[in-house]
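Next come the chains, spelled out residue by residue.
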Amino acid sequence: MIEKENCILEIRNMSKVFDADTETEKDVLKNVNLTVSKNEFLCVLGPSGCGKTTLLRCIAGFENYDGSVLINGAERRRPGIDRVMVFQDFNQLFPWKTVEKNIQYPLKINGIHNKEELNNRTREVLAKVKLSGHEKFYPYQLSGGMKQRVAIAKALALKPEIILMDEPFAALDAMTRNELQSELLRISTQEKCTFIFITHNIQEAIVLGTRIIVLAQHGKIIIDEENKITRPVTPASKGYGEMWERMHEALYQ
């Protein structure tokens, strides 16, 4: 049970229906209830079609839904900089803008126009993702992993309370994916921020998550487990094999 003062996100009875066509409706989410603590790193596992991405988009305010999303006790139904989303797609950056202009654009949209502050925030977040010196690069000059680093930097620059990540490393090669997992783990321990991270990869969830939930159809939570394995986590870590088996059985039962 999460204490009220430590709860940053509360989802109450969330349901979402998509119109598949003029005659058929599909329940994507049905009466989902979830609470998330401040500074928690929540990993969300589940089979394709269970509602993981829809859940994230509802939290972000990108979808209409029944029920409530509360941030620090206040209902939020529209997008806001308290919740920022990082997508899987490498093309989430504007191709005609440099790295620094991509990072600064949402800051300007949200009322920050002081050039010194814009430049300071840009340098600060690029240092956090180990891309110092890449301010003037364009997206076409970056690898996929570097583009995802910029997307994370762009999110961090807004100083959100919650960062929502929809399989951000899924399209990367294994080596780059492992490298970015380590970087995100470091960033998450340094930032006063809550992360909600969708993945299909059980290993990734166990490495990153302080808590892991597994969803079934309609967003039903079938596992909700604190990850007590000592970090950094490897397959040789005590308890790793048992947790992996529980998650795998739940996913493929």
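Calculation notes
- Residues numbered from 1 in each chain as written.
- Predicted model: local features only at pLDDT ≥ 70, side-chain atom pairs only at ≥ 80, totals over all residues.
- Heavy atoms only, no water.
- Buried < 20%, exposed > 50% of the residue type's maximum accessible area, 1.4 Å probe, protein only.
- Helix = DSSP H or I, 4+ residues; strand = E, 2+ residues; numbered from the N terminus.
- Pairing = 2+ DSSP bridges.
- Axes fitted to C-alpha atoms, helices over the stretch in contact; angles between N-to-C directions.
- Contact = heavy atoms within 4.5 Å.
- Polar contact = N/O pair within 3.5 Å; in protein donor to acceptor, adjacent residues only side chain to side chain.
- Parallel < 35°, antiparallel > 145°, perpendicular 65-115°, else oblique.
- Left-handed = near helix turned anticlockwise from the far one by under 90°.
- Nonpolar A, V, L, I, M, F, W, Y, C, P; charged D, E, K, R; others polar.

**Student:** What's the story with helix H1 (residues 52-60) in this structure? I'm lost.
**Tutor:** Most of H1 sits out of view: seven of its nine residues are buried. One or two residues past the end of H1 sits Gly-61, with phi positive at roughly 90 degrees.

**Student:** For this particular structure, what's the right way to read the pairing of strand E6 (residues 83-86)?
**Tutor:** Each regular strand carries side chains that alternate between the two faces of the sheet. Burial along E6 is two-sided: Arg-83 and Met-85 facing one way and Val-84 and Val-86 facing the other are all buried. The pairing of E6 with strand E7 (residues 162-166) spans four bridges and is parallel. Counted as the bridge partner of Val-86 is Met-165 from E7.

**Student:** What should I look at first to understand the sheet that holds strand E9 (residues 211-215) in this one?
**Tutor:** The strands that make up a sheet pair up through hydrogen bonds in the backbone, lying either parallel or antiparallel. Pairing within the open sheet is mixed, and its six strands lie in the order E6-E7-E8-E3-E9-E10. Lying at the two open borders of the sheet, with one neighbouring strand each, are E6 and strand E10 (221-226). Ignoring which end each strand starts from, the neighbouring axes of this sheet average 15 degrees apart. Inspection of the sheet shows strand E3 (residues 41-45) paired to E9 by four bridges, in the parallel sense. Each bridged residue has a counterpart across the sheet, and for Cys-43 the counterpart in E9 is Ile-212. Relative to E6, helix H4 (residues 144-157) is tilted by about 175 degrees, and along the sheet it contacts E6 and E7. In this fold helix H5 (residues 174-190) packs onto E3, E7 and strand E8 (194-198), with an angle of close to 155 degrees to the strand it touches most, E8.

**Student:** Looking at this structure, how should I read the side chain of Glu-100?
**Tutor:** Note that Glu-100 resides in helix H2 (residues 99-109). Judged by relative accessible area, Glu-100 falls into the buried class, the value being 9%. Beyond its immediate chain neighbours, meaning those up to four positions away, Glu-100 contacts Asn-119, Thr-122, Glu-135 and Lys-136.

**Student:** Would you take a moment to explain the environment of Asn-33 for this structure?
**Tutor:** As for its placement among the helices and strands, Asn-33 is situated in strand E2 (residues 25-37). In this structure Asn-33 touches Ile-11, Arg-12, Asn-13 and Ile-221, once residues within four positions along its chain are discounted. Separated by 2.9 Å, the side chain of Asn-33 and the backbone nitrogen of Asn-13 make a polar contact. For Asn-33, the side chain forms a polar contact with the main-chain oxygen of Asn-31, separated by 3.4 Å.

**Student:** Sorry, what's going on with the packing of helix H3 (residues 115-128) against H4 here?
**Tutor:** In a packed pair of helices, the relevant descriptors are the angle between the two axes and the axis-to-axis distance. Relative orientation of the contacting elements H3 and H4 amounts to 130 degrees, with a least axis distance of 9 Å. Relative to H4, H3 is oriented oblique. Once H3 is placed against H4, the crossing between them reads as right-handed. Residue-level inspection shows Arg-121, Val-125, Leu-126 and Lys-128 of H3 in contact with H4, the latter providing Ala-153, Leu-156 and Ala-157. The residue makeup of the contact of H3 with H4, split by class, is five nonpolar, no polar and two charged.

**Student:** Is there a simple way to explain the packing of H4 against H5 in this structure?
**Tutor:** One way to put it is that H4 packs onto H5 with a least axis distance of 11 Å and a crossing angle of 15 degrees. As the angle between them shows, H4 and H5 are arranged roughly parallel. In this structure, H4 meets H5 at a crossing whose hand is right-handed. Contacts between H4 and H5 involve Gly-145, Gln-148, Arg-149, Ile-152 and Leu-156 on the former and, on the latter, Thr-176, Glu-179, Leu-180, Glu-183 and Ile-187. In terms of residue class, the contact of H4 with H5 is built from four nonpolar, three polar and three charged.

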